[in-house]
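# Breakdown of the fold
Read off the chains here:
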Amino acid sequence: MTLRHMKIFRSVCENGYNATKTAEDMHMTQPAVSLAIKELEQYYGVVLFDRIGRRLKITQAGQKFLDYAIHISSLFDDMEKGMRDWNSFGIIRVGASITIGSKFLPYYIKSFNKKYPGTDIRVFISTVSQLEKKINSNELDFALVESGIHSPNMISEKYMEDHLDVVFPPNCNYKHGQTISIEEFKNQKFLLREKDSGTRNTFDIAIEKAGFSVTPIWESISTTALINGVINGIGISVLPHNMVDDLINRGLLISVNVDGIDFNRSFRIIHHKDKFLTSSAKTFIDLCRNYNFNDCDSDNNSL
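Model, not experiment: these values are computed from the prediction. (Residues numbered from 1 in each chain as written. Predicted model: local features only at pLDDT ≥ 70, side-chain atom pairs only at ≥ 80, totals over all residues. Heavy atoms only, no water.)

## Considerations on the overall build of the protein chain
When its secondary structure is counted, the protein chain shows 12 helices and 12 strands. Seen through its principal axes, the protein chain has C-alpha atoms that stretch 75 × 50 × 30 Å. Across the 303 residues in the protein chain, those meeting the buried criterion constitute 48%. Of all intrachain contacts in the protein chain linking residues separated by at least 6 positions in sequence, the fraction that spans at least 24 positions is 74%. (Helix = DSSP H or I, 4+ residues; strand = E, 2+ residues; numbered from the N terminus. Buried < 20%, exposed > 50% of the residue type's maximum accessible area, 1.4 Å probe, protein only. Contact = heavy atoms within 4.5 Å.)

## Examining helix 12 (residues 279-290)
The end-to-end C-alpha distance of helix 12 is 17 Å, a good match for the 16 Å that 12 residues give at a rise of 1.5 Å each. Listing the buried residues of helix 12 in full gives S280, A281, F284, I285, L287 and C288. Within helix 12, the buried residues cover an arc of 155° as seen down the axis, which keeps them to one side. Set apart from the buried face of helix 12 by more than 90 degrees, the exposed residues are S279 and N290. Against the buried residues of helix 12 lie strand 3 (91-96), helix 6 (105-115), strand 4 (120-125), strand 5 (142-145), strand 6 (154-168) and strand 12 (264-272). (Expected span 1.5 Å × (residues − 1). Arc of directions from axis to C-beta.)

## Points about a nonpolar patch on the surface
Among the surface-exposed residues, M1, Y43, Y44 and V46 lie close enough to one another that they form a single nonpolar patch of about 390 Å² accessible area. Mapped onto the elements of the fold, Y43 is located in helix 3 (residues 30-44). Residue class for Y43 comes out exposed when judged on its relative accessible area of 54%. (Patch = residues over 30% accessible without salt bridge, like charges linked within 9 Å, V, L, I, M, F, W, Y side chains within 5 Å. Areas by Shrake-Rupley, 256 points an atom, 1.4 Å probe, with all protein chains shown as cover. Salt bridge = Lys/Arg side-chain N within 4 Å of Asp/Glu carboxyl O.)

## As for the nonpolar core
Counting 22 residues, the largest nonpolar core has I100, L105, Y108, F142, L144, Y159 and F284 as its most contacted members. Taken together, the elements giving at least two residues each to this core come down to strand 3, helix 6, strand 5, strand 6, strand 12 and helix 12. In terms of residue count, the dominant contributor to this core is helix 12 (5 residues). Leaving out residues up to four positions away in the same chain, I100 has contacts with L105, P106, L144, V145, E146, Y159 and F267. F168, C172, F185 and F203 belong to the second-largest nonpolar core, a separate cluster that totals 21 residues. (Core = buried A, V, L, I, M, F, W, Y, C linked by side-chain atoms within 4.5 Å.)

## Examining the packing of aromatic side chains
Inspection of every chain in the model, using the stated rule, returns 19 aromatic pairs. On the basis of an interplanar angle of 65° and a centroid distance of 5.5 Å, the ring pair of F104 and F267 is categorised as edge-to-face. Within this pair, whereas F104 is found in the loop between helix 5 (98-103) and helix 6, its partner F267 is found in strand 12, the two being separated by 163 residues in sequence. F267 matches F104 in its accessibility class, with the two residues each being buried. Taking the centre distance of 5.8 Å and the plane angle of 55° together, the rings of F190 and F203 count as tilted. With F190 in the loop between helix 8 (182-186) and strand 8 (191-193) and F203 in helix 9 (residues 198-209), this residue pair connects regions lying 13 residues apart in the sequence. Using a relative accessible area of 1% as the deciding quantity, one classes F190 as buried. Judged by relative accessible area, which is 1%, F203 ranks as buried. Ring-pair connections join several aromatic residues into one group, and the members of that group are F9, Y17, Y43, Y44, F49 and F65. Here the basic side chain of K134 rests over the ring of F124, its NZ or CZ set 4.8 Å away from the ring centre. (Phe/Tyr/Trp six-rings, centres within 6.5 Å; stacked < 30°, edge-to-face > 60°. Lys NZ or Arg CZ within 6 Å of the ring centre and 35° of its normal.)

## Remarks on the side chain of S97
With respect to the secondary-structure elements, S97 resides in the loop between strand 3 and helix 5. You can call S97 buried: its relative accessible area is 1%. When neighbours within four sequence positions are excluded, S97 is seen to be in contact with I125, S126, L131, L144, V145 and E146.

## Here's the deal with unusual backbone geometry
Phi is positive for Y17, close to 65°, though the residue is something other than glycine. Secondary-structure assignment places Y17 in the loop between helix 1 (3-14) and helix 2 (19-26). Phi at H27 is positive, roughly 55°, even though this residue is not glycine. Its place among the elements puts H27 in the loop between helix 2 and helix 3. With a relative accessible area of 75%, H27 lands in the exposed category.

Next up, the structure:
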């Protein structure tokens, strides 16, 4: 049994138990993939997959082996990365959801680089589900996200409180800080972030608790596009406070409260439960936990 056997087995599981897709990803033939699984089963004397027709279904023993395979292959990848990059100060692979990546992460990295200029920080900004996939495949060390996670392999830690603002154009029928009813709120035209974004997840959970749903007239990965749509009177939006507070202060948007709906949320740091975090990664995480935005330059409020 070799490390390659583990990686083949892990790839089969990550590809939906599809041997053909695994063969493509691993640059192997399908019979070679099947042989590797058979060799593992013979070596340990257990059945790792039930064969039901032409489909594979992982067994309890297979699930346990997968946990070991992820842990061992991830440690090996970390060793490879660490040894090959020995002459540098290290590499940190950090992921971020879109709001955190556009608004907060640049300040974290700027501050970290001042203290540790030799560290190579590589960033991937995407949706929470994509970040989870990257962490599970050991392509990211950790990620900063705006909403809950789905993978049971993740460790999740709160590191910042946040809330969403309900924003209207300044020439609407409401005043800044006014509380409106749920009926008034749900009858608006909504410009919202895309499904699976942290902001949209928070919004959907909050209105589901209030007993209704909405169909947006706009959906976008761009917060700036949504803000400009609101400013131009196309509809309203529900967006992170730190992305709109400066525009509210300048009178370009107004913020209202909705009676009975709570748009509070927490930002979280996530990483795989078996991930070995280097000292530089832990230091970066500590910086995120303790970062004081009051120490930033005044342009911290720009979009």
